[in-house]
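# Coordinate inspection notes
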4 protein chains.
Amino acid sequence: MIEIKQKEIKTAGIIGANGYTGSELVRLLAFHPNVSLRFLYSRSNSGTKISDLYPDLTTICEMVLTDQPEEVDILFLCLPHKESKNWLIQNPVKDSTLVIDLGNDFRLDGSFGNRNFIYGLPEINKKQLSRAKSIANPGCFATAIQLALLPLAQKGLLTEVYTTGITGSTGAGQSLQATTHFTWRNDNISAYKTLKHQHVDEILQQLVSFNKNQISLNFVPWRGDFTRGIFTSSTVKTDVELSDINQLYQDFYADEPFVKVSEKAIDLKQVVNTNRCVIQIEKCGDVAVIHAAIDNLLKGASGQAVQNMNIAMGWEENSGLNLKPVAF
Amino acid sequence: MIEIKQKEIKTAGIIGANGYTGSELVRLLAFHPNVSLRFLYSRSNSGTKISDLYPDLTTICEMVLTDQPEEVDILFLCLPHKESKNWLIQNPVKDSTLVIDLGNDFRLDGSFGNRNFIYGLPEINKKQLSRAKSIANPGCFATAIQLALLPLAQKGLLTEVYTTGITGSTGAGQSLQATTHFTWRNDNISAYKTLKHQHVDEILQQLVSFNKNQISLNFVPWRGDFTRGIFTSSTVKTDVELSDINQLYQDFYADEPFVKVSEKAIDLKQVVNTNRCVIQIEKCGDVAVIHAAIDNLLKGASGQAVQNMNIAMGWEENSGLNLKPVAF
Amino acid sequence: MIEIKQKEIKTAGIIGANGYTGSELVRLLAFHPNVSLRFLYSRSNSGTKISDLYPDLTTICEMVLTDQPEEVDILFLCLPHKESKNWLIQNPVKDSTLVIDLGNDFRLDGSFGNRNFIYGLPEINKKQLSRAKSIANPGCFATAIQLALLPLAQKGLLTEVYTTGITGSTGAGQSLQATTHFTWRNDNISAYKTLKHQHVDEILQQLVSFNKNQISLNFVPWRGDFTRGIFTSSTVKTDVELSDINQLYQDFYADEPFVKVSEKAIDLKQVVNTNRCVIQIEKCGDVAVIHAAIDNLLKGASGQAVQNMNIAMGWEENSGLNLKPVAF
Amino acid sequence: MIEIKQKEIKTAGIIGANGYTGSELVRLLAFHPNVSLRFLYSRSNSGTKISDLYPDLTTICEMVLTDQPEEVDILFLCLPHKESKNWLIQNPVKDSTLVIDLGNDFRLDGSFGNRNFIYGLPEINKKQLSRAKSIANPGCFATAIQLALLPLAQKGLLTEVYTTGITGSTGAGQSLQATTHFTWRNDNISAYKTLKHQHVDEILQQLVSFNKNQISLNFVPWRGDFTRGIFTSSTVKTDVELSDINQLYQDFYADEPFVKVSEKAIDLKQVVNTNRCVIQIEKCGDVAVIHAAIDNLLKGASGQAVQNMNIAMGWEENSGLNLKPVAF
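About the criteria used
- Residues numbered from 1 in each chain as written.
- Chains lettered and ligands numbered in written order.
- Predicted model: local features only at pLDDT ≥ 70, side-chain atom pairs only at ≥ 80, totals over all residues.
- Heavy atoms only, no water.
- UniProt positions renumbered as here; feature names shortened; annotations may be inferred.
- Helix = DSSP H or I, 4+ residues; strand = E, 2+ residues; numbered from the N terminus.
- Contact = heavy atoms within 4.5 Å.
- Areas by Shrake-Rupley, 256 points an atom, 1.4 Å probe, with all protein chains shown as cover.
- Lys, Arg positive; Asp, Glu negative; His and termini not counted.
- Charge placed at Lys NZ, Arg CZ, Asp CG, Glu CD.
- Buried area = accessible area lost by both parts, 1.4 Å probe.
- Salt bridge = Lys/Arg side-chain N within 4 Å of Asp/Glu carboxyl O.
- Polar contact = N/O pair within 3.5 Å; in protein donor to acceptor, adjacent residues only side chain to side chain.
- Buried < 20%, exposed > 50% of the residue type's maximum accessible area, 1.4 Å probe, protein only.
- Pairing = 2+ DSSP bridges.
- Least-squares fit on C-alpha atoms with pLDDT ≥ 70 in both.
- Right-handed = clockwise from strand over helix to strand, strands pointing away.
- pLDDT = per-residue confidence, 0-100.
- Axes fitted to C-alpha atoms, helices over the stretch in contact; angles between N-to-C directions.
- Parallel < 35°, antiparallel > 145°, perpendicular 65-115°, else oblique.
- Expected span 1.5 Å × (residues − 1).
- Domains from an automatic or database assignment.
- Nonpolar A, V, L, I, M, F, W, Y, C, P; charged D, E, K, R; others polar.

Per an unreviewed UniProt entry, chain A goes by the name N-acetyl-gamma-glutamyl-phosphate reductase and belongs to Chryseobacterium profundimaris. According to UniProt, the comment filed for chain A under the heading Catalytic activity (unreviewed entry) is "N-acetyl-L-glutamate 5-semialdehyde + phosphate + NADP(+) = N-acetyl-L-glutamyl 5-phosphate + NADPH + H(+)".

### Some remarks on the overall build of chain A
A count of helical and extended segments in chain A gives nine helices and 16 strands. In terms of overall dimensions, chain A has a C-alpha envelope of 60 × 50 × 50 Å along the principal axes. Restricting to contacts in chain A with at least 6 residues of sequence separation, those with at least 24 account for 71%. Here chain A has roughly 11100 Å² of accessible surface; of this, 46% comes from carbon and sulfur atoms. Taking the 31 positively charged and 34 negatively charged side chains of chain A as two groups, their mean positions are separated by 2 Å.

### Considering the interface of chain B and chain C
At the interface, 18 residues of chain B touch 18 residues of chain C. When residues of chain B are sorted by the area they lose upon contact with chain C, Leu176(B), His181(B) and Phe182(B) head the list and together hold 48% of the total. For the interface between chain B and chain C, the tally reads zero salt bridges. Where chain B touches chain C, the interface holds eight residue pairs in polar contact (both at pLDDT 80 or more). Per element, the largest residue contribution to the side of chain B that touches chain C is three residues, and it comes from helix 6 (residues 182-185) of chain B.

### Looking at the pattern of salt bridges
All chains considered together, the criterion is met by 56 salt bridges over all chains. Two residues, Arg27(A) and Glu24(A), come together in a salt bridge whose shortest N-O distance is 2.9 Å. Of this pair, Arg27(A) and Glu24(A) are both found in helix 1 (residues 20-29), three residues apart, which corresponds to roughly one turn of the helix. Each member of the pair, Arg27(A) as well as Glu24(A), is classed as buried. Each member of the salt-bridge network shares a partner with another, and the members are Glu24(A), Arg27(A), Asp56(A), Arg228(A), Asp295(A) and Lys324(C).

### A short note on the sheet that holds strand 4 (residues 74-77) of chain C
Taken together, the six strands give an open sheet; going across it, the order is 3-2-4-5-9-8 (chain C), and neighbouring strands pair in parallel fashion. Strands at the two margins of the open sheet, each flanked by one partner only, are strand 3 (35-41) and strand 8 (118-119) of chain C.

### Structural notes on unusual backbone geometry
All names here are of chain D. Of note in the backbone geometry, Thr 59 takes a positive phi value of approximately 75° without being a glycine. If you trace the backbone, Thr 59 turns up in the loop between helix 2 (50-53) and strand 4 (74-77). According to the relative accessible area criterion, Thr 59 is partly exposed, its value standing at 47%. Here the phi dihedral of Leu 195 falls at roughly 65°; this positive angle occurs in a residue that is not glycine. Along the chain, Leu 195 falls in the loop between strand 11 (190-191) and helix 7 (199-211).

### Some thoughts on the relation of the copies chain B and chain C
Of the transformation superimposing chain B on chain C, the axial component is 0.0 Å and the angular component is 180°, with the fit at an RMSD of 0.0 Å. Given the turn and translation reported, the copies of this chain are related as if by a two-fold rotation axis. Relative to the rotation axis, the C-alpha of Phe182(B) is the closest in chain B, positioned 2.0 Å from it. Most of the interface of chain B is mirrored in chain C, where 100% of its interface residues are also at the interface.

### Overview of the UniProt feature "domain: Semialdehyde dehydrogenase NAD-binding" (unreviewed entry) in chain A
The positions UniProt marks with the feature "domain: Semialdehyde dehydrogenase NAD-binding" (unreviewed entry) are residues 11-132 of chain A. Strand forms 21% of residues 11-132 of chain A and helix 25%; the C-alpha atoms that close the span are 17 Å apart.

### Some details on the UniProt feature "active site" (unreviewed entry) in chain A
Residue and element names in this part refer to chain A. Under the UniProt annotation, "active site" (unreviewed entry) lies at Cys 140. By secondary structure assignment, the location of Cys 140 is in helix 5 (residues 140-154). Using a relative accessible area of 17% as the deciding quantity, one classes Cys 140 as buried.

### Overview of the sheet that holds strand 12 (residues 216-223) of chain A
Residues and elements named next belong to chain A. With respect to topology, seven strands assemble into an open sheet ordered 11-12-10-13-16-15-14, the strand pairing being mixed. Each edge of the open sheet carries a strand with a single partner, namely strand 11 (190-191) and strand 14 (259-262). Looking at chain direction, strand 11 and strand 12 are connected through two bridges and run antiparallel. From the neighbouring strand, Ser 190 faces strand 12, where its bridge partner is Arg 223.

### As for the interface of chain B and chain D
Accessible area lost upon the coming together of the parts is a frequently used measure of interface size. Taken together, the 41 residues of chain B in the interface contact 41 residues of chain D. Seen at the junction of chain B and chain D, the total is four salt bridges. Here Glu24(D) and Lys324(B) are joined by a salt bridge, their closest N and O atoms 2.7 Å apart. One can count 17 residue pairs in polar contact (both at pLDDT 80 or more) joining chain B with chain D.

### Side note on the relation of the copies chain B and chain D
Note: a rotation about an axis with an accompanying shift along it relates these two copies of the chain. For the pair chain B and chain D, the superposition axis carries a translation of 0.0 Å, the fit reaches an RMSD of 0.0 Å, and the rotation angle comes to 180°. Taken as a fraction of all interface residues of chain B, those also at the interface in chain D reach 100%, which identifies the copy contact as same-surface.

### Observations regarding the side chain of Thr180(D)
Note on placement: Thr180(D) falls in the loop between strand 10 (160-167) and helix 6 (182-185). What makes Thr180(D) buried here is its relative accessible area of 1%. With sequence-adjacent residues up to four places away left out, Thr180(D) is seen in contact with Thr180(A), His181(A), Phe182(A), Ala172(D), Ser175(D) and Arg185(D).

### Description of the pairing of strand 2 (residues 10-15) of chain C
All names here are of chain C. With respect to burial, strand 2 is a largely interior element, five of its six residues being buried. For strand 2 and strand 3, the ladder comprises six bridges, and the chain directions are parallel. Across the sheet, residue Ala 12 finds its bridge partner in strand 3, namely Leu 37. What joins strand 2 to strand 3 is helix 1 (residues 20-29), and the crossover it makes is right-handed. Note: strand 2 against strand 4, four bridges, orientation parallel. What sits directly across from Ile 15, in strand 4, is Leu 77.

### Things to note about the confidence of the model for chain A
The pLDDT averaged across chain A works out to 96; a share of 98% of its residues lies at or above 70. Confidence estimates for the predicted assembly give a pTM of 0.97 and an ipTM of 0.96.

### A short note on helix 1 of chain A
A turn of α-helix holds 3.6 residues, and therefore any two residues three or four places apart point the same way. Among the ten residues of helix 1 of chain A, nine are classified as buried, and the element is accordingly described as predominantly covered. Taken residue by residue, helix 1 of chain A has Tyr20(A), Gly22(A), Ser23(A), Glu24(A), Leu25(A), Val26(A), Arg27(A), Leu28(A) and Leu29(A) as its buried positions. Looking at the buried side of helix 1 of chain A, the elements it contacts are strand 2 (10-15), strand 3 (35-41), strand 4 (74-77) and helix 9 (302-313) of chain A together with helix 6 of chain D.

### Details of the packing of helix 5 (residues 140-154) of chain C against helix 8 (residues 242-252) of chain C
Two packed helices can be described by the angle between their axes and the distance between those axes. Residues and elements named next belong to chain C. Interhelical geometry of helix 5 versus helix 8 gives an angle of 105° and a closest axis separation of 10 Å. Compared by their axis directions, helix 5 and helix 8 come out roughly perpendicular. Listed contacts from helix 8 to Leu 147, Ala 148, Leu 149, Leu 150, Pro 151, Leu 152 and Gln 154 of helix 5 are Ile 245, Leu 248, Tyr 249 and Phe 252.

### Here we look at helix 7 of chain D
Residue and element names in this part refer to chain D. Helix length check: helix 7, at 13 residues, gives a terminal C-alpha distance of 18 Å against a target of 18 Å (1.5 Å per residue), a fit within 8%. What helix 7 keeps buried is the set His 199, Val 200, Glu 202, Ile 203, Leu 204, Gln 206, Leu 207 and Asn 211. Buried residues belonging to helix 7 abut strand 8 (118-119), helix 4 (122-130), helix 5 (140-154) and strand 12 (216-223). A positive backbone phi angle near 75° is found at Lys 212, which sits one or two residues after helix 7.

### As for the domain arrangement of chain A
Residue and element names in this part refer to chain A. Segmentation of chain A into domains returns domain 1 (10-137 + 301-313) and domain 2 (140-294). Distance from the C-alpha centre of domain 1 to the C-alpha centre of domain 2: 25 Å. Between domain 1 and domain 2, the contact holds 16 residues from the first and 23 residues from the second. Taking both sides of the interface into account, the surface hidden between domain 1 and domain 2 amounts to around 1700 Å²; carbon and sulfur atoms contribute 49%. Of all residues in domain 1, the largest losses of buried area upon contact with domain 2 belong to Tyr 20, Leu 108 and Glu 123, amounting jointly to 34% of the total for that side. Summed over the shared surface of domain 1 and domain 2, the number is eleven residue pairs in polar contact (both at pLDDT 80 or more). Among the elements of the structure, helix 1, helix 4 (122-130) and helix 9 are those that each provide at least two residues to the side of domain 1 that touches domain 2. At four residues, the largest contribution of residues to the side of domain 1 that touches domain 2 is made by helix 4. Of the residues belonging to the side of domain 1 that touches domain 2, the class tally is seven nonpolar, five polar and four charged.

And the structure:
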């Protein structure tokens, strides 16, 4: 076979490359066929090789972290929440640069100077994202819970939702805390931010725009004793038959490469180290439970950022995202 | 100091000593000041030393499993669900023997010949248990969820309850299954028996007897990637103030040695390897969440069986149950 | 940029695709640019979709397992040890087919009819492998330990070696055993096949061919409480300076894409979900310790099989093996 | 039965009660029949309830940490290494007080003013310990490795020893470090202090006093992905038959309540949450491997301290140490 193709290469930089989501982006972009990583920015680790911070990157990416950003085609912001806006103010970026923010600065209100950040959940905003220059990447729990509820919201079937979700320790970032100490966390389960998780507003803003009427989301997040992944179970009342709900979900996600609706039992490790979301629905009487699982660092953060980049650049949506599942 | 006391020693036997709950009873009774273990019964492992099956028992208990039960003062049934009744039919037991069944044969209907099995949740039935000759030990999830909800039920405050619970692998017993394979279960989370767990009936029967009116319990059980413990979060609506709920719980459990209501964050490992239950309540608007944690093999099974024995025999309720927490 | 290239596509089949190494090959070959998977063979699971056995493969590979092998360019044998030879006798394969055996049937003696299996450790046999039609893929511990010792063996510096290695549960395969039960294995460590592991002969046969004189290898394997990976520490006596040993290793592996010698501390997760081996040497007095880490299912099995295929087919050695590390 | 006994009660205090070994002592002493805990000393956490630091201690011990030590009969020092000596200089203690130091200040040289610290490994020094007023509690790895080697040393059979040991995260204490971060440590294995662990000197000092001739101990410690426990495998050359070695070990430990020599496979969880050590010996040709397992916080620290206290006070050696194994 003879292939003739013009491979487009675009330059990219990562602000906050020293954190978990930043380094995970490096792992993805290092093998992306259309991206040339130009710089990795970190104030605190400037001068250090990224592969010294994350030795798994040895031979994959050995760039030195810098505090001097350059002009690039695509800029990823992997900063702590509430720091992206300040960074952009202090480091103005050309209008033509695609900016993808993995923080939560622009998720609820995307307007910022000339820019208008589009909420980067491809399964609802693909068309706008394909034209976007500014993308607000969703939160990890927000991604899992929205994907679990969107088809019902679209039909106006949501009123009261009860969700429990469990997250791996990478969700808490790399800072050393009592609740990320191995001795404490191993074999342990605990609740945090009960009914007050910051992703609830983000979820409701999107769901309500579909559902039209009011939704109440009672969300209990748990800390899990594993590193990667999110598993959520959302309980709702509905008299729609299970087979119809399954059909509704299958139709809603028919063209989505990364969302799979299963009629068999799902489990978290089906998606770990992939950009996929698996969903399963069960029903008993008029109560339905929707389970969903994602990798919090991939579909819940850096993988979805690459997916959004692909869409915005007109590349294959799964480019650089054909990841071997860890499976075991 | 000079102590003069008459220490009562009673004989005990365990039917099904080769399983997890049976062997856990051995670990407890071996150090109980008032109990002399007389026999360990197992059909499948007859002739084998219990310490060959469970080498941690070496030097603690090296009895040989037998298929010949003897007459004893206290008989524990640790059989698979639905086998206790048959066993008692085939092996008649004297009326004076205290029988404690850890299975679910007598939880919903305790009548059996001359015997009337009392539901063995000491926090509601202590008086009856103190006179009982037949005790139906509660299920593990049933224990955690009831302890989390009883004070509200007693006030008639329950209508709709949404509970998620996660259990360690010992809850699935020692049989080898796909879902107990280490390769599958390590770092994994999954749901099972969604809305259909067999403990729901047991829970509702007790709660409704308190609550007076109808309760609906939507229970989503998860398999956890740890061996011991149960953590549950139950979400309910109520306009009672958090401080009043806390007071209600403190009062309800004031005299209970094994239930502790905490106003600080709780976590599973606070109770692992103990007979304790810790409970914490959080509230936001008119929604309350009650978290509870137990060790599924202790307060959820064998520990509670010993607690029930102590009550029925008139011994100190925590006799043999002053267990060092594993903590880490 | 304009690329003109002729992409070669070869057909492949997997015998024993239902096991861990077989399914891991599916995960790799599904994304390999030069391979078209033609069939997945399994006697026991014939008729079942591979993605029903391993749901992580949903959308990645949904082929149905068959008991009818076809003619292919490349054939992988992923059978239990001692079954490959029988399979080839009962299912004759064309001489032109590249056969890669992941079992141990041909590791010590590669002659089989017209075929002569080359020991598939690319770091020593790359030239022969590039012309091979029959490859005996090394064992997992054998790979890690040889890579740790080869540079010393080449210089004739080995006499007595003391190695401890720890392996993840996937090394024990998917059968349900007492030692792969989650309840037993979680947080547990144990030794097995002390001084008698079947890989010792395989290791010595290769090392001695380099080292010229006798080597004794005292190997203590441990079962670890994780799923993927092997970590080994080998202790030897030598008066060569550490800096010289490091140089020796750097030189030996200078052209190897998958072996990295580090002067900093290594850890197992640096290589999990990759085809890489990391090595670190430490020294105190005349005693040197060589640490090595691999992913037992990748560099220790299926990844190395793909690497061998790439070499034998004249493709880029890392084709299909640019795997995102799981890292966390 | 009528018992008449005079129960002796002694007062005790813990210096450094806020750390892991300190809090583990609290867990043990709270249930010890002859000990009345008088104070828990901590400079950094003075004024805080111990059960606020370690909520598992709720209802078990709710003492407030103080920076005012009192006079007590028994004083435990649970300070970071190198701080015990200073503490004793700054806080003189009556000669009649039994001082047990869990640090390493007095292990190699026990002389300190009027005091002479006895090395607190009961299996070799029981007689001296029974008269001791000052006890240097051994290190965790030092305990496991000495118990594994003592019978051979006693017969002068040791020359060259190769030991690998793996330890749980509690061995690293409660400080937050990169290597105790859950995200890093979960499912990970790594070596540290290769050939340079501080316990080697302590081990050799004792072994050589038995063995008479020189011993070289090549010790490679690993960090394990579990919280509690130590497992070691020590390889030595000897032409003594395995049955004779087993007999030697059985004889050596015949009267020891906490050391058990097994001819069957041992594993770490047989001893977790107990004060026991299990040992197994395997042999192939002239090479013997001795495996040993302990709980690093109990037989490796606080449990052994209680055992030493019992011996020094003339109480039952296992008083307060009949701990239920966690087993699963």
